[in-house]
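Chain by chain, the residues:
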Amino acid sequence: MINIQKKIRLDQYTTFKIGGPADFFVAITSLADLQEALSWAQKNKQNILFLGGGSNTLISDRGFRGLVIKNEISGIELVRENAKAVWLKAQSGEWWSSLVNHAVLHNYYGAENLFLIPGTVGAAPMQNIGAYGVELKDVFCSLEAVEIRTGKLKKFNKADCDFGYRYSIFKGKLKHKYFIYSVTLKLNKTPKFKLDYGDIQKTLAEKKIINPNAREVVSVIMEIRNSKLPNPSVLPNAGSFFKNSEISLAALKKLQKKFPDVKFFPATKGVKVPAGWLIEQCGFKGKVIGKVGIHEKQALVLVNYGGAKASQVINLADKIMTCVRSKFGLKLECEINYIE
Ligand code: EPU
């Protein structure tokens, strides 16, 4: 039996610690709970918002008119294995880092670089989370999702998900149509680390580690993250606020004429220009404006210094976007989900 509550403050459920009240709120711990919540919303003609860890979400000060469904469906199990690989299935309300931790403890390899990304397992495929040269798609096998309209479970293989840079079909054509219920990763039984990201190389060299094991890779990732990214439980934030800008080679050449030192990395089509660099060049890095600011070590992260309103974050984001557009002619895209 689910317990639908009224007028629940949502700031307590987001890592930004921002958000007005939800008209209705329910925490679910099973598929049956989810189906009950979906029928309730349908019967009562309420909009639905799913919340996992609330780590990539900015909720408006007005809150949400409808039913917020907080995903607390947990569990991790080994569903298949062969000589080379294991298939780990995790329920979508499980904490993503618990899943990576579980894999590392059991010597299942491949997800190390994704350690400590805040959020739930269900949010990971939604935007194909990524860090330090690895993306979810590299370890992803399949997922099960519940169709919101019918309550029915459907399986999606990797190719069905249309993964891209911080993108999946669940942010595109199937937006608001499915609830991700479980995710199955395929992990290796023998180590195969991805260590070419500059900061990883640098940290390993500093520590004089040549052939790292999984625990060492994870501890290097932890060190890099802690040195650059604010811990949301200490300084509320939602990670990268913007996506890096994907531009063509021709656009890069044009940009280089005016800004010869522009940073860029190869991307699927053309190059990615780091938004952190663009924002820093506009002079925003480390700035504090009232209760919000731009983190001093990573200009992609906007921070709530205590009691900030969503409107203040949005104003700051607008200022940043305007400046980047007028200086570089580039339009920054939001990486976070803004719930108006
Ligand atoms: N840079 C700056 N100034 C800054 C920040 C970055 O000049 O303030 C430059 C750096 O010098 C570096 C380049 O930008 O040359 C890339 O910086 P970094 O390695 O810190 O990564 P990022 O591209 O800024 C992305 C992800 C992060 C992820 C890191 C590491 C996006 C939107 N963000 O940031 O993901 O942790 O790479 O792989 O793609 C997140 O999604 O919430 C997130 C934190």
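Small disclaimer: the values here were computed from a predicted structure and weren't measured.

## Some details on the side chain of Thr203
Considering the arrangement of structural elements, one finds Thr203 in helix 5 (residues 198–206). Classification of Thr203 as buried rests on a relative accessible area of 8%. Here the side chain of Thr203 touches Asp199 through a polar contact of 2.6 Å, landing on its backbone oxygen. Residues contacting Thr203, with those up to four places away along its chain left out, are Val220, Glu223 and Ile224.

## Focus on the environment of Glu296
When you line up the elements, Glu296 lands in the loop between strand 18 (292–294) and strand 19 (301–304). The exposure class assigned to Glu296 is exposed, which follows from its relative accessible area of 56%. Between the C-alpha atoms of Glu296 and Lys285, which are eleven residues apart in sequence, the distance is 5.5 Å. In this view, Glu296 contacts Lys285 and Gly286; residues no more than four positions away in its chain are not counted.

## Things to note about the site of the ligand
Surrounding the ligand, one finds 22 residues, the nearest of these being Tyr132, Tyr165, Arg166, Tyr197 and Glu280. The contact in question runs from an oxygen atom of the ligand to an N or O atom on the side chain of Lys263, over 3.2 Å. In this structure, a nitrogen atom belonging to the ligand sits 3.4 Å away from a main-chain N or O atom of Gly276. Those elements that place two or more of their residues in the shell around the ligand are strand 13 (237–240) and helix 8 (275–281). If you tally residues by element for the shell around the ligand, the top one is helix 8, at three residues. Looking at the shell around the ligand residue by residue, the classes come out as ten nonpolar, five polar and seven charged.

## Digging into helix 5
Where helix 5 is concerned, the buried positions are Asp199, Ile200, Thr203 and Leu204. Looking down the long axis of helix 5, one finds its buried residues gathered within 130° of arc, a one-sided arrangement. Looking at helix 5, the residues exposed on the side facing more than 90 degrees away from the buried face are Gly198, Lys202, Ala205 and Glu206. The inward-facing, buried residues of helix 5 abut helix 6 (214–228). Backbone geometry just downstream of helix 5 places Lys208 in the positive-phi region, at approximately 55°.

## Structural notes on the packing of helix 5 against helix 6
At a minimum axis separation of 10 Å, helix 5 and helix 6 run at an interaxial angle of 110°. When the axes of helix 5 and helix 6 are compared, the pair comes out roughly perpendicular. You can see that helix 5 and helix 6 cross each other, and the crossing is right-handed. Contacts between helix 5 and helix 6 pair Asp199, Ile200, Thr203 and Leu204 from the former with Val220, Ile221, Glu223, Ile224 and Lys228 from the latter.

Definitions and cut-offs
- Residues numbered from 1 in each chain as written.
- Predicted model: local features only at pLDDT ≥ 70, side-chain atom pairs only at ≥ 80, totals over all residues.
- Heavy atoms only, no water.
- Helix = DSSP H or I, 4+ residues; strand = E, 2+ residues; numbered from the N terminus.
- Buried < 20%, exposed > 50% of the residue type's maximum accessible area, 1.4 Å probe, protein only.
- Polar contact = N/O pair within 3.5 Å; in protein donor to acceptor, adjacent residues only side chain to side chain.
- Contact = heavy atoms within 4.5 Å.
- Near = heavy atom within 4 Å.
- Nonpolar A, V, L, I, M, F, W, Y, C, P; charged D, E, K, R; others polar.
- Arc of directions from axis to C-beta.
- Axes fitted to C-alpha atoms, helices over the stretch in contact; angles between N-to-C directions.
- Parallel < 35°, antiparallel > 145°, perpendicular 65-115°, else oblique.
- Left-handed = near helix turned anticlockwise from the far one by under 90°.

These results come straight from atomic positions and should not be treated as a statement about function.
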